[in-house]
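Summary of the model geometry
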Amino acid sequence: MTTPDRATRRALGTCAALMVGALALTACSGSATAEDGGGKGGGGGQGSARTSTAKIVISARDGSTGASINSTGVRVSDGTLTEVKMTVADTGQAVAGSLSADGRNWKPKEQLERGTKYRIAATAKDAGGRTSAANSVFTTVTPANSFIGTYTPDGGTTVGVGMPVSFTFDKAIGDKKAVQSHITVTSSSGQKVAGHWFGAQRLDFRPDAYWKAGSKVTMKIDLDGVEGANGVFGVQKKTVTFTVGRSQVSTVDAKTQTMTVVRDGRTVQTIPVSTGSPEFTTYNGKMVISEKFTQTRMNSRTVGLGGEYDIDDVPHAMRLTTSGTYIHGNYWYKPGNPPFGRFGSSHGCVGLRDVRGAQGDTPAKWFYDNSLVGDVVIVENSADKTVAPDNGLNGWNMPWNEWVAGSAA
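Residues numbered from 1 in each chain as written. Predicted model: local features only at pLDDT ≥ 70, side-chain atom pairs only at ≥ 80, totals over all residues. Heavy atoms only, no water.

**A few points about the layout of surface pockets**
Condition: Both site types are read off a 1 Å grid over the protein atoms alone. A 1.4 Å probe that fits but cannot get out defines a cavity, while an open set with protein on both sides within 12 Å along at least five of seven lines defines a pocket; lining residues have an atom within 4 Å of a point. Grid points are joined across faces, edges and corners, and a volume is the space filled by probe spheres set on the points. The numbering of helices and of strands both runs from the N terminus, where a helix is a DSSP run of H or I of at least 4 residues and a strand a run of E of at least 2. Residue polarity follows a fixed list, in which Ala, Val, Leu, Ile, Met, Phe, Trp, Tyr, Cys and Pro are nonpolar, Asp, Glu, Lys and Arg are charged, and the others, Gly among them, are polar.
Of the voids in this model, the second largest pocket is the one considered here, and its volume is about 340 Å³. Along its surface, the second largest pocket is lined by 18 residues, and Asn330, Trp332, Ser345, Ser346 and His347 are the ones closest to its centre. Going through the elements one at a time, strand E27 (310-319) and strand E28 (326-330) are the ones with two or more residues in the lining of the second largest pocket. Its residues assigned to classes, the lining of the second largest pocket shows 9 nonpolar, 8 polar and 1 charged.

**Quick notes on the packing of aromatic side chains**
Going by this rule: Any Phe, Tyr or Trp ring, taking Trp's six-membered ring, that has another such ring centre within 6.5 Å forms a pair; planes under 30 degrees apart are called stacked, those over 60 apart edge-to-face, and the others tilted. Charges are assigned to positions over rings by a cutoff of 6 Å between ring centre and Lys NZ or Arg CZ, combined with an angular limit of 35 degrees from the ring normal.
In the structure shown here, the tally under the stated rule is 9 aromatic pairs. When the centroid spacing of 5.0 Å and the interplanar angle of 80° are considered together, the rings of Tyr333 and Phe340 count as edge-to-face. An aromatic cluster is present here, built from Phe147, Tyr151, Phe167, Phe169 and Trp197 joined pairwise through their rings. Residue placement shows Arg206 over the ring face of Trp403; its charged tip is 4.5 Å from the ring centre.

**What about the sheet that holds strand E18 (residues 216-222)?**
Think of a sheet as strands paired side by side through backbone hydrogen bonds, with each pair either parallel or antiparallel. What counts is decided by this rule: When DSSP locates at least two bridges between a pair of strands, those strands are taken to pair.
Spatially, 4 strands are ordered E13-E21-E18-E15 in an open sheet, and the strand pairing comes out mixed. Among the strands making up the open sheet, the edge pair consists of strand E13 (158-159) and strand E15 (183-187). Looking at chain direction, E18 and strand E21 (residues 237-244) are connected through 7 bridges and run antiparallel. Counterpart to Lys216 in the pairing with E21 is Thr243.

**Re the sheet that holds strand E10 (residues 131-139)**
For clarity, the threshold we go by: Fitting a line to C-alpha atoms yields each axis, with helices limited to the stretch in contact; the angle taken between N-to-C directions then spans 0 to 180 degrees.
An order of E6-E9-E10 is seen for the 3 strands of this open sheet, with the pairing classed as antiparallel. Looking at which strands have only one partner, the edges of the open sheet turn out to be strand E6 (80-88) and E10. Between one strand axis and the next, the sheet turns by 10° as a mean value, whatever way the strands run. As paired strands, E6 and strand E9 (residues 117-125) are joined by 8 bridges and run antiparallel to one another. In the strand pairing of E9, Val84 is matched with Ala122.

Quick look at the structure:
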């Protein structure tokens, strides 16, 4: 899963949105201009500068606050840039930038920091060699006045056919339509994709049926400058593409305590399992693998079950719900009375035979090695209820008409 902030969270790994020849002004930034040497900051040297036709535009207006961390830069018309100097205003630290091949656009090489004051000084010359200059001191949008969305899956990954696109925003979104309309998700398969809001901070996207195996899914995030709530603006601008792998859907029958693994329409394995005990039943429904751990700790206190268990090396664990349902290996079963294929013995998880240390040729290791994040695990014939669509990445348990009804677009 991707988490935001340039230094520590990849959801903000955006490129500066300055295109050659066209620097867009965002909703929360202005411009500082200079033409004929009369722009803010004065002329560029000789008296002839006053007749320069070069017009400099700094996207962040002098004195402005809330400037974009992505699309702040400099452009010039009727001339070429001769020098652009950008610094952190409080420290004088230089900000590296790059000039376009035609000399008309300059942009920072790295995404700017939020809530930071910067200074830009730019000079340019026209075809006659006459100079003009422009300056701007401005502050970028602050964390308090901006929002970011942690999203999954990551770009460049290969996922199972059940993997939705899921955003969790760090602030409550008041204008859901504005935010959703600036996120588009499309598939090379041509499948229609719709968004659905779970409350004010989570937005998921999926098609009517599972993604087509082998398709490419593209997510375009264009939230920079979008007002998601009163005085709170987005800062993300990025395009993310991931690949849908082969189709694998595994069905657990809690009545027979078996799991049938179907890959690309063909049954490849039938595995004995042990679902939840009569006291701690397993959810029914379609569940998507959201995380994989070769080994992980499971402590019953974290799921409100008191001191029932605390196992620090549960092998081959794959998360199915936020509330703590996993499909995982089990090495602590009684060898003289193995539950797999016979009866439910867990606290709600789906267990497979395994050995301590996650080594050896076991059913749990085979399933782990042959599973992707985004694969679907369906549980049937359990005494429990159907898992909630927002308990994990499990929106497939909501009918399509209800899913579409939860869209703000």
